[in-house]
Amino acid sequence: MGDRVNRLDVPPPRDAAARRVMIAQRSVNTRPELALRCALHSLGFRYRVNLPLPGLRRRRADVTFTRWRTAVFVQGCFWHACPEHLHAPKHNAEWWWNKLQHNARRDEDTDAYLVRLGWLPLRAWEHEAVEAAVSKVVEVLAHQGHPRAQEVQERSRRLLSAQPAGRAGSA
């Protein structure tokens, strides 16, 4: 671990076990991310994957709509300190707490930076239903004027209005 060049803002792992866990963690193509991308692609959306953010080369968005200046991040409950599902480790608890809080602060800083550039950051949690995450993305893109998103919204409105009164909202 001594050969690792530390950035000042990231606490280094305290032991080899923590380092192994962090190295083994997948950062691209996670199941929730793949599910979101598959659902968006099946609706006809085209996007960039794992694209570095403008001006922040070390930070990447999971799904990016460059023309519409929208960056989508699919966040794991553990690594991004989900307020609903975080189960902090008991071993080396203080170090892990600092690490997870740093991740959450970095997410907030990234969002603020993107907003200053005129981009829209979207965050979807891994525990969210894929349909809910897709709806969030479609809604934001439609608001931005994305023609495919507007078409998808209109199609879903027509489908909902065509359902019998007792069936609306049931799945």
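The shown structure was predicted, so the numbers you read here are calculated from the model rather than taken from an experiment.

It is worth spelling out the layout of surface pockets at this point. Looking at the second largest pocket, its volume works out to about 380 Å³. Lining the second largest pocket we find 14 residues, and of these Glu131, Val134, Ser135, Val152 and Ser156 sit closest to its centre. Broken down by secondary-structure element, the contributors of at least two residues to the lining of the second largest pocket are helix H4 (130–144) and helix H5 (147–162). Residues of the lining of the second largest pocket, tallied by class, amount to eight nonpolar, three polar and three charged.

This brings us to helix H3 (residues 93–116). For H3, which comprises 24 residues, the first-to-last C-alpha distance of 35 Å matches the rise-based estimate of 34 Å (1.5 Å per residue) to within 8%. Looking only at H3, the buried set comprises Trp95, Trp96, Lys99, Leu100, His102, Asn103, Ala104, Asp107, Thr110 and Leu114.

Nonpolar side chains in soluble globular proteins tend to end up buried together. Counting residues in hydrophobic clusters, the biggest one holds 21 residues, and the most contacted among them are Leu36, Leu40, Phe45, Phe65, Val72, Val137 and Leu141. Those elements that place two or more of their residues in this core are helix H2 (31–42), strand S2 (56–65), strand S3 (70–75), strand S4 (120–125), H4 and H5. Beyond its immediate chain neighbours, meaning those up to four positions away, Val72 contacts Leu36, Ala61, Asp62, Val63, Phe65, Leu122 and Val137.

Structurally, the position occupied by Thr66 is in the loop between S2 and S3. Between the C-alpha atom of Thr66 and that of Trp119, which follows or precedes it by 53 residues, the distance is 9.1 Å. In this view, Thr66 contacts Arg48, Leu51 and Trp119; residues no more than four positions away in its chain are not counted.

Attention now goes to the pairing of S2. Where strand S1 (residues 48–53) and S2 come together, five bridges link them in antiparallel fashion. Bridge assignment links Leu51 to a residue of S2, and that residue is Ala61. Hairpin connection of S1 to S2: two residues between the antiparallel strands, including Gly55 at a positive phi of 85°. The antiparallel pairing of S2 with S3 creates a hairpin that spans four residues between the two strands, and Arg69 there sits at a positive phi of about 50°.

Turning to unusual backbone geometry, a few remarks are in order. Trans peptide bonds make up the majority, and among non-glycine residues the majority have a negative phi. Despite not being glycine, Asn50 shows a phi value in the positive range, around 55°. As for its placement among the helices and strands, Asn50 is situated in strand S1. Of note, the phi angle at Arg69 is positive, near 50°, even though the residue is not glycine. Within the element layout of this structure, Arg69 appears in the loop between S2 and S3. On the basis of relative accessibility, which here comes to 36%, the residue Arg69 falls in the partly exposed class.

Once that is clear, we can look at the pairing of S4. Examined bridge by bridge, S3 and S4 share six bridges and lie parallel to one another. Looking at the pairing, Val74 lines up with Ala124 of S4. In this fold, S3 hands off to H3, which returns the chain to S4; that crossover is right-handed.

Below, the discussion takes up the confidence of the model for the protein chain. Detail in the predicted coordinates should be disregarded across regions flagged by low pLDDT. Across the protein chain, the average pLDDT comes to 87, with 87% of residues at or above 70. Within the model, pLDDT remains below 50 along residues 1–6, and this stretch shows nine contacts once partners closer than five positions in the same chain are excluded.

Moving on to the pattern of salt bridges. A pair can form between side chains of opposite charge whenever their charged atoms are brought close. Within the structure shown, the criterion is met by seven salt bridges. The salt bridge partner of Lys136 is Glu128, with a shortest N-O separation of 3.3 Å. On the accessibility criterion, Lys136 (29% relative accessible area) is partly exposed. Its salt-bridge partner being Arg155, residue Glu151 comes within 3.6 Å of it at the nearest N-O pair. One end of the pair, Glu151, and the other, Arg155, are both in helix H5, four residues apart, so they sit about a helical turn from each other.

Criteria and cut-off values
- Residues numbered from 1 in each chain as written.
- Predicted model: local features only at pLDDT ≥ 70, side-chain atom pairs only at ≥ 80, totals over all residues.
- Heavy atoms only, no water.
- 1 Å grid on protein atoms, 1.4 Å probe; cavity = no way out; pocket = protein on both sides within 12 Å on 5 of 7 lines; lining within 4 Å.
- Points joined across faces, edges and corners; volume = space filled by probe spheres on them.
- Helix = DSSP H or I, 4+ residues; strand = E, 2+ residues; numbered from the N terminus.
- Nonpolar A, V, L, I, M, F, W, Y, C, P; charged D, E, K, R; others polar.
- Expected span 1.5 Å × (residues − 1).
- Buried < 20%, exposed > 50% of the residue type's maximum accessible area, 1.4 Å probe, protein only.
- Core = buried A, V, L, I, M, F, W, Y, C linked by side-chain atoms within 4.5 Å.
- Contact = heavy atoms within 4.5 Å.
- Pairing = 2+ DSSP bridges.
- Right-handed = clockwise from strand over helix to strand, strands pointing away.
- pLDDT = per-residue confidence, 0-100.
- Salt bridge = Lys/Arg side-chain N within 4 Å of Asp/Glu carboxyl O.

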